[in-house]
Each structure stands twice: as C-alpha cells, then as structure tokens.
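As a plain string of letters, each chain reads:
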Amino acid sequence: QVQLVESGGGLVQAGGSLRLSCAASGRTFSSYRMGWFRQAPGKEREFVAAIGWSGGTTYYADSVKGRFTISRDNAKNTVYLQMNSLKPEDTAVYYCAATRSPLTITVVARDPSRWNYWGQGTQVTVSS
C-alpha cells in the first residue's frame, strides 16, 4: 500500500512557475514508476508526465513538453513537477500517481487504469 500526498498548488499568473511535490509513504517508493495527471473542470483526467524507477527515464505530454520537468528523489520518497511558463489552459487539479506495471512507460503513462495509487490532488490556477 502506498499513500500519496501532493502539495505546492496555488494561484499564479500566466508565465509564472510552480513546483508541485508528492510525498509517498512506504519503503518501496523506488519500485514504482511515478506520474502526474491533471483534470480540468468538465474534462477527463489527462496524462502530464511520468518518470521511471531511478529517474533516468521521463515522458511528457506534448502540451507540457519543454515547460514542465518531472523528477524524483528516492531518498526522500518524493516526486516533483516543476512547471514553468504556465498558461491559463494549465489550470486543473493535479494528481500524483504510482504504478508497478512492467509495461513500457509510453504505454502505461497514457492509461490511467494502469496506475495503482493516486493522491488526493492539488489545485493549480493560472490567471491570464
């Protein structure tokens, strides 16, 4: 069992930056791929970014590539999402997730059903 707790959300102007954190409980954090998803009002949950077990592999949605960076610190059981050049369309609740699926990260990333654990979410609002 893994519990995930997100933090770092808030209100920011367009062009600004935020850093989200996700703290995980348990001793097996490094055995999970970690990811970030987001859900805007009236829309389905969508993939944002994912990172492999050691942090050497990352994968991003096209909409955030070049602006967002996912990283992890296995010693701290924490995964981060650095968000730069934020746009109003980035406004959403951001969720941290963990998966033990052995499939390639590009397959797992885009299928929410393959993610085993989810956080409660943190609101990010970008004003224009």
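In short, a report on the structure.

### Looking at the overall build of the chain
Within the chain one finds 1 helix and 11 strands. For the chain, the sequential pattern of α-helices and β-strands runs β-β-β-β-β-β-β-β-β-α-β-β. Relative to its length of 128 residues, the chain is compact, with a C-alpha radius of gyration of 13 Å against a globular reference of 14 Å. Looking at the chain as a whole, 45% of its 128 residues qualify as buried.

### Quick look at the packing of aromatic side chains
Under the counting rule described, the total for this entry stands at 5 aromatic pairs. Both rings, one in Tyr-32 and one in Tyr-117, keep their centres 5.9 Å apart while their planes meet at 70°; by these two values the pair is edge-to-face. With Tyr-32 in the loop between strand 3 (18–24) and strand 4 (33–39) and Tyr-117 in strand 10 (residues 117–118), the pair connects residues that are 85 residues apart, well separated along the chain. For the pair formed by Tyr-32 and Tyr-117, the shared burial category is buried. Over the ring of Tyr-80 we find Arg-19; its NZ or CZ atom is 4.0 Å from the centre of that ring. Of note, Arg-45 hangs over the ring of Tyr-95, and the distance from its end group to the ring centre comes to 3.8 Å.

### Section: the nonpolar core
Counting 39 residues, the largest nonpolar core has Leu-4, Met-34, Trp-36, Val-79, Leu-81, Met-83 and Tyr-94 as its most contacted members. Elements with a contribution of two residues or more to this core: strand 3, strand 4, strand 5 (46–51), strand 7 (68–73), strand 8 (78–83), strand 9 (92–99), helix 1 (105–109) and strand 11 (122–127).

### Observations concerning the side chain of Thr-122
By secondary structure assignment, the location of Thr-122 is in strand 11. Judged by relative accessible area, Thr-122 falls into the buried class, the value being 11%. A polar atom in the side chain of Thr-122 sits 3.3 Å from the backbone nitrogen of Gly-9.

### What about the sheet that holds strand 8?
What the 4 strands build is an open sheet, ordered 1-3-8-7; its pairing is antiparallel. What marks the edges here is a single partner per strand, and that holds for strand 1 (4–7) and strand 7. For this sheet, the mean angle separating the axes of adjacent strands, direction not counted, is 15°. In this sheet, strand 8 lies alongside strand 7 in antiparallel orientation, the contact comprising 6 bridges. Along strand 8, the bridge assignment pairs Arg-72 with Val-79.

### Observations regarding unusual backbone geometry
In the Ramachandran plot, Asn-77 falls in the positive-phi region, its phi being about 50° despite a non-glycine side chain. Tracing the sequence through the fold places Asn-77 in the loop between strand 7 and strand 8. For Asn-77, a relative accessible area of 17% gives the class buried. Positive phi outside glycine occurs at Ser-85, with the angle close to 50°. Counting through the fold element by element, Ser-85 comes out in the loop between strand 8 and strand 9.

### A short note on the environment of Leu-103
Turning to its location among the elements, Leu-103 is positioned in the loop between strand 9 and helix 1. For Leu-103, a relative accessible area of 33% translates into the label partly exposed. Placed 80 residues apart in sequence, Leu-103 and Ala-23 show a C-alpha to C-alpha distance of 24 Å. Ignoring anything within four residues of it in the chain, the contact list for Leu-103 reads Arg-33, Val-108 and Arg-114.

Thresholds applied
- Residues numbered from 1 in each chain as written.
- Predicted model: local features only at pLDDT ≥ 70, side-chain atom pairs only at ≥ 80, totals over all residues.
- Heavy atoms only, no water.
- Helix = DSSP H or I, 4+ residues; strand = E, 2+ residues; numbered from the N terminus.
- Rg over C-alpha atoms; globule rule 2.2 N^0.38 Å.
- Buried < 20%, exposed > 50% of the residue type's maximum accessible area, 1.4 Å probe, protein only.
- Phe/Tyr/Trp six-rings, centres within 6.5 Å; stacked < 30°, edge-to-face > 60°.
- Lys NZ or Arg CZ within 6 Å of the ring centre and 35° of its normal.
- Core = buried A, V, L, I, M, F, W, Y, C linked by side-chain atoms within 4.5 Å.
- Polar contact = N/O pair within 3.5 Å; in protein donor to acceptor, adjacent residues only side chain to side chain.
- Pairing = 2+ DSSP bridges.
- Axes fitted to C-alpha atoms, helices over the stretch in contact; angles between N-to-C directions.
- Contact = heavy atoms within 4.5 Å.

The quantities given are spatial measurements derived from coordinates; they are silent on function.
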